[in-house]
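Here is how the chains run, residue by residue.
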Amino acid sequence: MMSEIDSILPLELDGIGFGVQGRALLGGIGLRLEAGSRTIVLGPNGAGKSLLLRICHGLLAPTEGSLRWGGAGRPLPDQVVRRRQAMVFQRPVLLRRSALANIRYVLGLIGLPRRQRQTVAMEALDRFGLAELAGRPARVLSGGEQQRLALARAWVVEPDVLFLDEPTSSLDPAATLAVEMAIHEFHAAGAKIVMTTHDLGQARRLADEVVFLSRGRLVEVSSASRFFKGPATPQARAFLAGELVC
Amino acid sequence: MLDLSAALSTAAALVIGLDPQMLAIVRLSLLVSGSAVLLAALIGLPLGAALALAAFPGRGVLVVMINACMGLPPVVVGLAIYLLLSRAGPLGQFGLLFTPSAMVVAQTILVLPIVAALSRQVVADLWGEYGEQLRSLGASRPGVVATLLWDGRFSLLTAILAGFGRACAEVGAVMIVGGNISGVTRTMTTAIALETSKGDLPLALGLGIILIGLVIAVNAAVFLVGQAARRRMG
Amino acid sequence: MLKRILLLAALLLSTGAIAEERFITVASTTSTDQSGLFGALLPAFQRDSGIAVRVVAVGTGQALRLGERGDADALLVHDRAGEDKFVAGGFGLDRRDVMYNDFVVVGPSSDPVGIKGLGNVTEAFKRIAAAKAPFASRGDDSGTNRSELRIWKSAGADLKADGIGWYRELGSGMGATLNTAAGMGAYALTDRGTWASFKNRQSLVILVEGDKALFNPYGSILVNPVLHSGIKAADALVWHHWLTGPKGQAAIAGFKIDGEQLFFPDAK
């Protein structure tokens, strides 16, 4: 997969801000997200991490600033941009039908011919260890199985970028591991990963790059190795120290 | 209490005897109310979903109006339809007055607000849960409506049953636009009204018991089907 | 999808036309319908003519209004004054006598006012008004209601002023009014046909009958086909002639409940 020549990345954010009724929740975010790498968004509660992800994914329109896919001089049609990204939420929202039908539903949305859907959907389920559960109602699967189903659903879209918002925060360690393995698969297939997490261990395991937010501001962007060795800013240092103490 | 036991035995005799006249009345009642509910569902479900999802000026007013119309008095609806279908009215040339079709139209109007208002609520709640995910998946508007209606099918079934209950129980509208003509437009409820006015209270009550039994049977069937489906689909 | 829905709607609406039989609509009164008279007349008429009759049974006042709007092809009602006005207004044609029955005054068998056996209904009403005994009136502008009001007038009772507390206007059909009268032990005026087939009498019995003022004639009127399109004038005429002809008259005379004849044919 991911064999198309072009990626919709990079994504450039310029002066992005978001406010509700005059209260600024995000402000002055300037950021460039490159193809391929795994970017982990860190920050204390209420820093605006989820908000940032939703703005990047296009679920929320920023109240300030602009957002550009594809880099300078390469305007991309909205439809292409929409089609080639996916998002996995903290609590997966699955349709009230079988696991298989949940995948087939997405294949329908992206316009895959009807007779190919079954095969492609089964492959995706199999890839994330869900083949046995294909016929089960999605809503009665365990939390970990549901999250893997959400990942399988994202997989068939063949996204250039996958956003994940705290995907493991309500899962046990085994299920968390399965999700992390899945993220590896996406990355190995060439997808850009943009993910928020509270779990610093997970951040260390997955991150190529860290984006650190605090109180709606972008405080620090650096490579993972540099960030975890010694953050440049006092806020990030305090965050790491605080988290480690917990 | 003599009356009640007489009513029960009358009901039992009617059911056991399979009185053909009564069967025709039951058949017509189910046909008229069933058709009305079907039509109301075909219009009301998409309408309710559209009201839940679309934002347009005056939506709030429309929602309040439709909610209020759940309490439309059947007699008023019957009268309005009568004036429309009367030979002296604008639709008189179709000759629909005093036919089952006229009854279907009247009951559709009675049931539509119930189906639309309740499905609006169901779809709005589901949209709150599904909205981000469906937008993330890039579902189109019509696609979203279809998805939410399908995923809300168990709750929507209850809305439709509520409409069916109203259609089956009302007498005011079908009496006026149907005329309670023996063998043509006589339903369970108009027959009950007629027998009451003839003072044959056991027969009226007996018919009432059968009507309640039918409504219970329909609801039980839907409940069982829903349960089985829910167990399969979660 | 839309096409399918429209098709379905058309199909549903056409259910009204399943019976492609030849029929006319007759607006008549609850009193004739509930007595069971039509059950005896209509099959005989259909055998003779091949025309089915759909009876919409309402109060005489409402039946006349249905006729005015062209929603019936013929009427069979009992309010001579109203009928004449209907014809004079150009709504109806060829009003003919069909039959008569009579009204009776019913009341609790204990008869607290003591009107039992009176040959004069006006006197009976005077006594009821003087004693302020409960009286259940249909109050629905039906033929029976109109007759009742005429008797009150000749009894000199001013119901608006003196009726408070005992004169109950129910706004109901004959049967419902009798149900109420039986329930509260009230006097009431009813046509003999409805009374004969009425089952929930409780303590009610006939107290006054036979006065000329209780005479209750029924008339058949054709609805004027000029005023509205769609009126089945030709078939209605067949019915009109049959009903007032020898076959219809014989069928009316032959209709009995418990051996009692309820309607007396009097077509000229």
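This is a predicted model, so every value here is computed, not measured. (Residues numbered from 1 in each chain as written. Chains lettered and ligands numbered in written order. Predicted model: local features only at pLDDT ≥ 70, side-chain atom pairs only at ≥ 80, totals over all residues. Heavy atoms only, no water.)

**Some points on the domain arrangement of chain C**
Accessible area lost upon the coming together of the parts serves often as the stated size of an interface.
Residue and element names in this part refer to chain C.
Thinking step 1. For chain C, the domain assignment lists domain 1 (2-100 + 216-265) and domain 2 (102-214).
Thinking step 2. Here domain 1 and domain 2 have C-alpha centroids that lie 28 Å from each other.
Thinking step 3. Counting residues at the interface gives 16 residues for domain 1, matched by 18 residues for domain 2.
Thinking step 4. Buried surface at the junction of domain 1 and domain 2, both sides included, amounts to about 1300 Å², of which 49% is carbon and sulfur.
Thinking step 5. Along the contact surface separating domain 1 from domain 2 lie four salt bridges.
Thinking step 6. Taken together, domain 1 and domain 2 are joined by five residue pairs in polar contact (both at pLDDT 80 or more).
Thinking step 7. Breaking the side of domain 1 that touches domain 2 down by element, the ones donating at least two residues are α2 (30-35) and α4 (60-68).
Thinking step 8. Of the residues assigned to the side of domain 1 that touches domain 2, the class counts are three nonpolar, 10 polar and three charged. (Domains from an automatic or database assignment. Contact = heavy atoms within 4.5 Å. Buried area = accessible area lost by both parts, 1.4 Å probe. Salt bridge = Lys/Arg side-chain N within 4 Å of Asp/Glu carboxyl O. Polar contact = N/O pair within 3.5 Å; in protein donor to acceptor, adjacent residues only side chain to side chain. Helix = DSSP H or I, 4+ residues; strand = E, 2+ residues; numbered from the N terminus. Nonpolar A, V, L, I, M, F, W, Y, C, P; charged D, E, K, R; others polar.)

**Things to note about the interface of chain B and chain C**
Thinking step 1. Across the contact, 30 residues belong to chain B and 32 residues belong to chain C.
Thinking step 2. Contact between chain B and chain C buries roughly 2500 Å² in total, counting both sides, with carbon and sulfur atoms accounting for 59%.
Thinking step 3. Contact with chain C buries surface across chain B, with Arg 87, Phe 98 and Lys 198 of chain B losing the most and accounting together for 25% of the total.
Thinking step 4. On inspection of chain B and its partner chain C, the count reaches two salt bridges.

**So, the sheet that holds strand β2 (residues 23-33) of chain A**
Residues and elements named next belong to chain A.
Thinking step 1. Reading across from one edge, β2-β1-β4 is the order of the three strands in this open sheet, with antiparallel pairing throughout. Edge strands, defined here as strands with exactly one partner in the open sheet, are β2 and β4 (64-69). Going across the sheet, the axis of each strand differs from the next one's by a mean of 20°, ignoring polarity.
Thinking step 2. Here strand β1 (residues 11-20) pairs with β4 via five bridges, running antiparallel. (Pairing = 2+ DSSP bridges. Axes fitted to C-alpha atoms, helices over the stretch in contact; angles between N-to-C directions.)

**Re the arrangement of the chains**
Thinking step 1. Contacts are most numerous between chains B and C, taken over all two pairs of chains that touch.
Thinking step 2. With no contact formed, the shortest span from any C-alpha in chain A to any C-alpha in chain C equals 19 Å.

**Observations regarding the interface of chain B and chain A**
Thinking step 1. Every contact between the two is made by 20 residues of chain B and, on the other side, 21 residues of chain A.
Thinking step 2. A buried area of about 1800 Å², summed over both sides, lies between chain B and chain A, and 50% of it is on carbon and sulfur atoms.
Thinking step 3. When residues of chain B are sorted by the area they lose upon contact with chain A, Glu 132, Gln 133 and Leu 137 of chain B head the list and together hold 30% of the total.
Thinking step 4. In this structure, the connection of chain B to chain A is made through 12 residue pairs in polar contact (both at pLDDT 80 or more).
Thinking step 5. Those elements that provide at least two residues to the side of chain B that touches chain A are α5 (100-137), α6 (141-151) and α10 (201-233) of chain B.
Thinking step 6. Grouping the constituent residues of the side of chain B that touches chain A by class yields seven nonpolar, six polar and seven charged.

**Some points on the packing of aromatic side chains**
Residues and elements named next belong to chain C.
Thinking step 1. Summed over the entire model, instances satisfying the criterion amount to 20 aromatic pairs over all chains.
Thinking step 2. Ring plane angle 65° and centroid distance 5.3 Å describe the contact between Phe 125 and Phe 135, whose orientation is recorded as edge-to-face. Here Phe 125 is found in helix α6 (residues 121-131), whereas its partner Phe 135 is found in strand β5 (residues 135-137), with 10 residues between them in sequence. Of the two residues examined, Phe 125 and Phe 135, each falls in the buried class. (Phe/Tyr/Trp six-rings, centres within 6.5 Å; stacked < 30°, edge-to-face > 60°. Buried < 20%, exposed > 50% of the residue type's maximum accessible area, 1.4 Å probe, protein only.)

**Re the confidence of the model for chain C**
Thinking step 1. Across chain C, the average pLDDT comes to 89, with 93% of residues at 70 or higher.
Thinking step 2. We note a pTM of 0.83 for the whole complex and an ipTM of 0.89 for its interfaces. (pLDDT = per-residue confidence, 0-100.)

**With respect to the pattern of salt bridges**
Thinking step 1. Taken as a whole, this structure holds 35 salt bridges over all chains when the rule is applied.
Thinking step 2. Across the salt bridge formed by Arg 96 of chain A and Glu 129 of chain B, the nearest N and O atoms sit 3.9 Å from each other. Of the two residues, Arg 96 of chain A is situated in the loop between β5 (85-88) and α3 (99-109) and Glu 129 of chain B in helix α5; the pairing between them involves two chains.
Thinking step 3. Several salt bridges converge on common partners, so that one network encompasses Arg 80, Glu 83, Asp 84, Arg 95, Asp 97 and Lys 268 of chain C.

**As for the nonpolar core**
Thinking step 1. Ranked by size, the top nonpolar core spans 92 residues in total, and within it Leu 42, Leu 149, Leu 151, Leu 162, Phe 186 and Phe 228 of chain A carry the most contacts.
Thinking step 2. What Leu 162 of chain A contacts, discounting residues up to four positions off in sequence, is Ala 86, Met 87, Val 88, Leu 151, Ala 154, Phe 186, Lys 192, Ile 193 and Val 194 of chain A.
Thinking step 3. By size, the runner-up hydrophobic cluster in this structure holds 34 residues, among which are Leu 39, Ile 81, Tyr 82 and Leu 85 of chain B. (Core = buried A, V, L, I, M, F, W, Y, C linked by side-chain atoms within 4.5 Å.)

**What to know about the sheet that holds β5 of chain A**
Residues and elements named next belong to chain A.
Thinking step 1. Read across the sheet, six strands follow the order β5-β6-β7-β3-β8-β9 without closing on themselves; strand pairing throughout is mixed. Unpaired on one side and paired on the other, β5 and β9 (217-223) mark the two borders of the sheet. Looking at each pair of strands side by side, their axes are set apart by 15° on average, direction ignored.
Thinking step 2. Alignment of β5 against strand β6 (residues 161-165), held across four bridges, turns out to be parallel. The residue of β6 that forms the bridge with Gln 85 is Val 161.
Thinking step 3. On the sheet, helix α1 (residues 49-57) packs against β3 (38-42), β5, β6, β7 (192-196) and β8 (209-214) and is oriented at approximately 150° with respect to β6.

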